[in-house]
Structure formats: structure tokens, C-alpha cells
Amino acid sequence: KNQVEQSPQSLIILEGKNCTLQCNYTVSPFSNLRWYKQDTGRGPVSLTIMTFSENTKSNGRYTATLDADTKQSSLHITASQLSDSASYICVVSAYVLTGGGNKLTFGTGTQLKVEL
Amino acid sequence: NAGVTQTPKFQVLKTGQSMTLQCAQDMNHNSMYWYRQDPGMGLRLIYYSASEGTTDKGEVPNGYNVSRLNKREFSLRLESAAPSQTSVYFCASSEWVGTEAFFGQGTRLTVV
């Protein structure tokens, strides 16, 4: 069964500090992995996408890594800001062998709170 | 520049009532989706439409029906609401299945 596990479940950090969120998956066959940011009361917004051959991808202060061998990804946030307070969701896409297309499996998210 | 628009934003229903959640996208996307999000659980796919004229069941389709009215619009219907359907519902669209999905702002539904 395809699964995506995220850790920690929640995290509180001080503004300006860095943090790293983890995502472990058992999805196969792997197509890509996305990190989404979901602000309270809003829909998720894509931050990064990583395919099998990519190890690192940055989007401003967000850097995602992917280790396809160990099936792990991380999202590193540098110099955190109050506006980074949100839920961060790891979404892994698997190829659908019969019929084509992709199937998405969502993690439950890491709730990040950035405080002064 | 609306993206994906869902209506209504909030709704309270009594058990047994019916209602339709509306979703429209202006990005000319082929694929559209309905998800539900419950506390402590990841987003779960209810139904999706890979392209205009097609709909398929997702992970949790029981108690729901959908209509892909045209390329822009994809509605979700609850025929007889149950308290277990209390959730936040998100509509999303993507160019094709598996490409980046863009989400609406969600509909918070409470069934009492």
C-alpha cells in the first residue's frame, strides 16, 4: 500500500531560525514528489516538485532534497519568517501501470509555527 | 486571475439533506479533482475527472456523486448528508493528471 509519512507532526521555531521537515514514502512506481504549503483556511500551494533524477531543488528560502534510494525527502526552510507558519504537505505521485496517468498519495502534513 | 473558485465557502446541513458544491477553474485545465481533508489525515481523493466527459472514483467515493459540466466546471453532490461527511472539501485542477494541481480555497461543511 502506498504511504507517505511526515515528521515531525508539529514544530515551533523562533523567527530567523532554520528548520527541516521530513517525508518518508513507500510509493511505487515513483513518478515525482511535491511539497505543498497550506496556510490556515486556504488550499495547498505547490512549493517544489522533484523527479527521480533530482537530488536538490530550491525555491527561495525553501530547499527540498530527495533520496530515491532510501525513499526520503526533506524540506529545509532557511531564516524562517512569521509568514512561514503553515502546514507543509508532502505529496508523492505514482505511475498507474494499467490505464496510465498518476496516483497521488498525500502525507498528513507538518504544522509549523514561527514565533517572535 | 481567479484560478480555482469554490462555492460556498461554508455550509451547515442537517442529516439527510442534499447539496451541491460548485467548482470552476479558468486555467483551461483538462483534469479536475475533489478532495476531502479531515483532522489528522491527508487529503483524500473523492472523485476526479481526467478530462472533459470522464469521471472516476477516487479513494473515498461513497455518498458522493460528481458532474463534469464542461471543461471549466466540476461539481460534487451529497445526496443524503451524514455527519461522517463533515469535512473541508477542496476542488483542484491540473493540466493533466499528475501535473501540478492548483487548489481552491475549500468549503467547510458541517453536517449536524
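Residues numbered from 1 in each chain as written. Chains lettered and ligands numbered in written order. Predicted model: local features only at pLDDT ≥ 70, side-chain atom pairs only at ≥ 80, totals over all residues. Heavy atoms only, no water.

(A) Up close: the state of the cysteines. Residue and element names in this part refer to chain A. For the coordinates displayed, the defined rule picks out two disulfides over all chains. Two residues, Cys23 and Cys90, share a disulfide whose sulfurs are 2.0 Å apart. With the S-S bond torsion at -65°, the cross-link from Cys23 to Cys90 turns out left-handed. Here Cys23 is found in strand 3 (residues 19-25), whereas its partner Cys90 is found in strand 9 (residues 86-95), with 67 residues between them in sequence. (Disulfide = S-S within 2.5 Å. Helix = DSSP H or I, 4+ residues; strand = E, 2+ residues; numbered from the N terminus.)

(B) Structural context of the interface of chain B and chain A. Opposite the 15 residues of chain B that make contact, chain A presents 16 residues. Regarding the contact of chain B and chain A, the summed buried area is about 1,200 Å², with carbon and sulfur atoms giving 53% of it. Taken together, chain B and chain A are joined by three residue pairs in polar contact (both at pLDDT 80 or more). When the residues that make up the side of chain B that touches chain A are grouped by side-chain class, the tally is seven nonpolar, seven polar and one charged. (Contact = heavy atoms within 4.5 Å. Buried area = accessible area lost by both parts, 1.4 Å probe. Polar contact = N/O pair within 3.5 Å; in protein donor to acceptor, adjacent residues only side chain to side chain. Nonpolar A, V, L, I, M, F, W, Y, C, P; charged D, E, K, R; others polar.)

(C) Fine view of the sheet that holds strand 7 (residues 62-67) of chain A. Residue and element names in this part refer to chain A. Read across the sheet, five strands follow the order 1-3-8-7-6 without closing on themselves; strand pairing throughout is antiparallel. Edge positions in the sheet fall to strand 1 (4-7) and strand 6 (56-59), since each has one partner strand and no second. The mean inter-strand angle of the sheet, taken between neighbouring strand axes irrespective of direction, is 15°. Pairing of strand 7 with strand 8 (residues 72-77), which is carried by six bridges, proceeds in the antiparallel orientation. Bridge pairing in strand 8 links Ala64 to Leu75. (Pairing = 2+ DSSP bridges. Axes fitted to C-alpha atoms, helices over the stretch in contact; angles between N-to-C directions.)

(D) Highlighting the nonpolar core. Formed by 25 residues in total, the largest nonpolar core has its most connected members in A:Tyr25, A:Leu33, A:Trp35, A:Leu75, A:Tyr88 and A:Val92. Elements that contribute at least two residues to this core include exactly strand 3, strand 4 (30-38), strand 5 (45-51), strand 7, strand 8, strand 9 and strand 11 (110-115) of chain A. Counting 20 residues, the second largest nonpolar core, distinct from the first, contains B:Ile46, B:Tyr64, B:Tyr89 and B:Leu109. (Core = buried A, V, L, I, M, F, W, Y, C linked by side-chain atoms within 4.5 Å. Buried < 20%, exposed > 50% of the residue type's maximum accessible area, 1.4 Å probe, protein only.)

(E) Here's a closer look at the packing of aromatic side chains. A complete count under the given rule lists nine aromatic pairs over all chains for this structure. A ring pair is formed by B:Tyr35 and B:Phe103, whose centres lie 5.8 Å apart and whose planes are at 40°; its orientation type is tilted. Of the two residues, B:Tyr35 sits in strand 4 (residues 31-37) while B:Phe103 sits in strand 10 (residues 102-103), which places them 68 residues apart along the sequence. The exposure class of B:Tyr35 is buried, given its relative accessible area of 2%. For B:Phe103, a relative accessible area of 11% gives the class buried. Above the ring of A:Tyr62, the side-chain terminus of A:Arg61 is found at 5.7 Å from the ring centroid. (Phe/Tyr/Trp six-rings, centres within 6.5 Å; stacked < 30°, edge-to-face > 60°. Lys NZ or Arg CZ within 6 Å of the ring centre and 35° of its normal.)

(F) Fine view of the pairing of strand 11 (residues 107-111) of chain B. Residue and element names in this part refer to chain B. Side chains of strand 11 alternate between two faces, with Thr107, Leu109 and Val111 buried and Arg108 and Thr110 left unburied. Across four bridges, the pairing between strand 2 (residues 10-13) and strand 11 is parallel. Bridge pairing in strand 11 places Val12 opposite Thr110. Judged from the three bridges that link them, strand 9 (residues 87-94) and strand 11 form a sheet pairing that is antiparallel. When the bridges of strand 11 are listed, Tyr89 appears paired with Thr107.

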